[in-house]
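Chain by chain, the residues run as shown.
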Amino acid sequence: MIYEGKKRIWSEYQKEIPEDNYFYVRSCIRQNFFPASEKTFLDIVRNRLGKDFFETQHHTTCGGIAYHSDAIPQETVMTIIARQFALMTEAGYKNYACSCITSFGLYTETMETWKLFPELEAKIREILWKTCHKEFRIPENLAHASDIIYKFRNMIAEKAAYRLVNVKTGKPLRVVEHIGCHYAKMFPSRGVGGAEYPYVLAGMIESWGGEVIDYPERRHCCGFGFRQYLVKANRGYSLSNTHKKFESMAPFKPDMIITNCPGCPYFMDRWQYVISELEGKTYGENGYGIPVFTYEEVAGLVLGYDPWDLGLQMHQVAVEPLLDKMGIKYDPAKKYLGENGKYIGKPQMPRFIKCC
Amino acid sequence: MGKLYEKLMQDYRFKEGMKACINCGTCTAICPAAEFYKYDPRSIVDMVQSRDEEAIEKLLKSETIWYCGECMSCVTRCPRKNAPGLIVMALRSLSIDEGYFIHSEKGRQQYVINKEMYSNILNYGYCVYPRTFKYEDHPEYGTTGQWIEQNLDEIHKRVGSNLDGDGPGILRKIPDEDLMQLRNIFEQTGAFKRMDTLKRLSKERADSLGLTEEEYSEQIFNTISEGHFN
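Residues numbered from 1 in each chain as written. Chains lettered and ligands numbered in written order. Predicted model: local features only at pLDDT ≥ 70, side-chain atom pairs only at ≥ 80, totals over all residues. Heavy atoms only, no water.

1. Some thoughts on the overall build of chain A
Which entries qualify depends on this criterion: Put simply, DSSP marks the helices as runs of H or I at least four residues long and the strands as runs of E at least two long, and each gets a number from the N terminus on. Note that the radius of gyration is over C-alpha atoms, with the globule rule given as 2.2 Å times the number of residues to the power 0.38. Here's how the labels work: a residue is buried when its accessible area is under 20% of the maximum for its type, exposed when over 50%, partly exposed in between, all with a 1.4 Å probe on protein chains only. In this description, contact between two residues means that some pair of their heavy atoms is separated by no more than 4.5 Å. In these tables, accessible area is a Shrake-Rupley quantity obtained with a 1.4 Å probe, and a residue counts as shielded only by the protein chains included in the view. We count Lys and Arg on the positive side and Asp and Glu on the negative side, and we leave His and both chain ends out. All charge positions are set by atom: Lys at NZ, Arg at CZ, Asp at CG, Glu at CD.
Across its full length, chain A holds 16 helices and eight strands. Taken over C-alpha atoms, the radius of gyration comes to 21 Å for chain A, in line with the 21 Å a tight globule of 356 residues would show. For chain A, the spread of C-alpha atoms along the principal axes amounts to about 60 × 55 × 45 Å. Counting across all 356 residues of chain A, residues that qualify as buried make up 67%. Across chain A, every contact between residues at least 6 apart in sequence was considered, and the portion connecting residues at least 24 apart equals 75%. Carbon and sulfur atoms make up 51% of the accessible area of chain A, which amounts to about 12,700 Å² in all. Here chain A contributes 45 positively and 41 negatively charged side chains, and the mean placements of these two sets differ by 3 Å.

2. Considering the sheet that holds strand E4 (residues 141-144) of chain A
All names here are of chain A. Short version of the rule: Here, a strand pair is defined by DSSP locating no fewer than two bridges between the strands. An axis is simply a line fitted to the C-alpha atoms; with a helix, the fit covers only the stretch in contact. Between two such axes, the angle follows the N-to-C directions and lies from 0 to 180 degrees.
Spatially, E2-E1-E3-E4 is the arrangement adopted by the four strands of the open sheet, whose pairing is parallel. A single partner strand is all that each edge strand has here, and the edge strands are strand E2 (53-54) and E4. In terms of strand pairing, strand E1 (residues 22-25) meets strand E3 (residues 95-98) through four bridges, oriented parallel. Counterpart to Val25 in the pairing with E3 is Cys98. Helix H5 (residues 74-91) rests against E1, E2 and E3 of the sheet, and its axis sits at about 145 degrees to E1.

3. Quick look at the nonpolar core
Applied cut-off: For this analysis, a nonpolar core means a set of buried residues of the types Ala, Val, Leu, Ile, Met, Phe, Trp, Tyr and Cys, connected via side-chain atoms within 4.5 Å.
Formed by 197 residues in total, the largest nonpolar core has its most connected members in A:Ile148, B:Tyr39 and B:Tyr118. Of all the elements, H5(A) adds the most residues to this core, at nine residues. The residues contacting B:Tyr118, other than those within four sequence positions of it, are A:Ala71, A:Ile72, B:Asn123, B:Phe186, B:Ala191, B:Phe192, B:Arg194 and B:Met195.

4. Points about the domain arrangement of chain A
All names here are of chain A. Selection rule: In this document the domain limits rely on a domain assignment from an automatic tool or a database. The term buried area denotes the loss of accessible surface (1.4 Å probe radius) that occurs when two parts are joined, taken as the sum for both partners. What qualifies as a polar contact is a pair of N or O atoms within 3.5 Å, subject to a donor-acceptor requirement within protein and to the restriction that residues adjacent in sequence count only when both atoms come from side chains. Note on residue categories: nonpolar means Ala, Val, Leu, Ile, Met, Phe, Trp, Tyr, Cys or Pro, charged means Asp, Glu, Lys or Arg, and polar means any other residue, Gly included.
Splitting chain A by domain gives domain 1 (22-145) and domain 2 (160-329). Taken together, both faces of the contact between domain 1 and domain 2 bury some 2,700 Å²; the carbon and sulfur share is 69%. A per-residue breakdown of the area domain 1 buries against domain 2 is headed by Arg30, Phe34 and Ile101, which together make up 23% of the total. Counting the contacts that link domain 1 with domain 2 gives five residue pairs in polar contact (both at pLDDT 80 or more). The set of elements that each furnish at least two residues to the side of domain 1 that touches domain 2 consists of helix H2 (28-33), helix H3 (35-48), helix H4 (64-68) and helix H6 (101-116). In terms of residues, the side of domain 1 that touches domain 2 owes the most to one element, H3, which gives nine residues. Here the side of domain 1 that touches domain 2 is composed, by residue class, of twelve nonpolar, eleven polar and seven charged.

5. What about a negative patch on the surface?
Residues and elements named next belong to chain B. Rules: Put simply, a patch holds well-exposed residues, over 30% relative accessible area, that have no salt bridge, with like charges counted together within 9 Å and Val, Leu, Ile, Met, Phe, Trp or Tyr side chains within 5 Å. In what follows, salt bridge is the name for a side-chain nitrogen of Lys or Arg lying within 4 Å of a carboxyl oxygen of Asp or Glu.
On the surface, a cluster of negative charge is made up of Glu136, Asp137, Glu149, Glu214, Glu215 and Glu218. Of all the elements, helix H15 (residues 213-222) adds the most residues to the negative patch, at three residues. Looking at the element boundaries, Glu149 is found in helix H11 (residues 142-150).

6. Section: the domain arrangement of chain B
Residue and element names in this part refer to chain B. Splitting chain B by domain gives domain 1 (3-103) and domain 2 (107-222). Relative to domain 2, the C-alpha centre of domain 1 lies at a distance of 28 Å. Contacts between the two partners involve eight residues from domain 1, matched on the other side by ten residues from domain 2. Overall, the association of domain 1 and domain 2 removes approximately 890 Å² of surface from exposure, summing both partners, and the carbon and sulfur fraction of that is 63%. The largest share of the area that domain 1 buries against domain 2 comes from Ile96, Phe101 and Ile102, three residues that together contribute 64% of it. Applying the counting rule to domain 1 against domain 2 returns one salt bridge. Two residues, Asp97 and Arg194, come together in a salt bridge whose shortest N-O distance is 3.5 Å. Across the domain 1-domain 2 interface, the total number found is three residue pairs in polar contact (both at pLDDT 80 or more). In terms of residue class, the side of domain 1 that touches domain 2 is built from four nonpolar, three polar and one charged.

In structure tokens:
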């Protein structure tokens, strides 16, 4: 009886994720800080899984960061979104995949608002025609790119070169999963597993051999806070929230953190450095930090991509302790090479947190 | 119905987010901002639902409405389907458009946020663009960030970006015709009007303090007074 009830509740949080044929749009933050993640994603879905993902150079920011830092009005962001939908329509696609969580939340909010207020959708259509001479169809399906990796997680596991297992002990790696707030907190039914028990990253971790850690502040925001980070005077907010999460997860001794939002890994990576500079405190083993990854990077590591092709040299917290635990073969000398194998120098060593 | 409440009611976020608040305080309990700042979303929603024009005007001029991080954790939890985060967004928009933002330290910060966002979006097509994201303004970018900034083109090429290049790809140059369309959208939907209000009132304030535009921007970007924190 209880099992049946749980199954019924759970079924409300199963979203449909199409098999193939997506129109793909990029993320401002991911392109800046984790550019190789998007390259890896497209390589996996196109070349390893044989799926069709179309991209056009004409798409732009969705305006999400500007909207959530209150810089642009709602009608502005909705018209930019309508323009993106028009590009999808022109290219002949019905399934829309986005790399950014802020975008994902905003697309969802926009489509829900238009359902409630059709007169607003009509107004945006009119503005889009007036400003861009474009028309659009609303996507039949909206997926975040992490939904797609989740859907194909077992196929990735079948092709795995490495698993989320400590090769020395044979035990599963202990993994913190951090879901971007705008993935499901506003519209729980639009994310795999809803807002309280999101399964999109947990499913990947389990499928690839790791163990998911539950800890008190698991659902706490990373602390981005839009204007709370963009303005230097407000950044204490952002730092304090990340600090709260790390204090909460530290006793559970995570080997790594995996995220689906492009901003969260940046803040959880860089604020660890700042905490170490301010307090001399580090959260990983032996003076290192806890390495933080995008889900594309983790999928890439599992599939055997070279860590430096995945852009892991762009992280502040050293990733090598995790690579060693997984038994991944890598050449440390290649970490700081430029495009044609030219050595470009290496970053200065921080004062406290150990880096390789 | 008063003038300000009527204006709030025209905002779709307010229509969606404001049902009937029972003052349970669940939103405040879950709110990351409420732990850090002297911030209480419960009382904001309660104040707004009172429809007291004087109280709403005071709120629009206050520091309070600028403390939210728009994570929307409150939306998940509210037992009556209110969305305090959306209500705050509507309040902030009204505060800017009515010029009330200039009365608070946190409100005045909106000028530098808008300058950065509009410049990145209209010139490059991105909210964040690597050639304008400076280590100097972001020391938390770390020693790796400093290294990335010093070797920007080389590193982006190494990891497969198409930085400022033609065609699709990571950080591609977004064609001028697309940037022009973004500009048209900004014009038609009131984004430039919002910027004009911010610019005009910020200039008046800078003049009254005897500061240049640059000095004023630097001051609001860096300054934090006491009294904001819990």
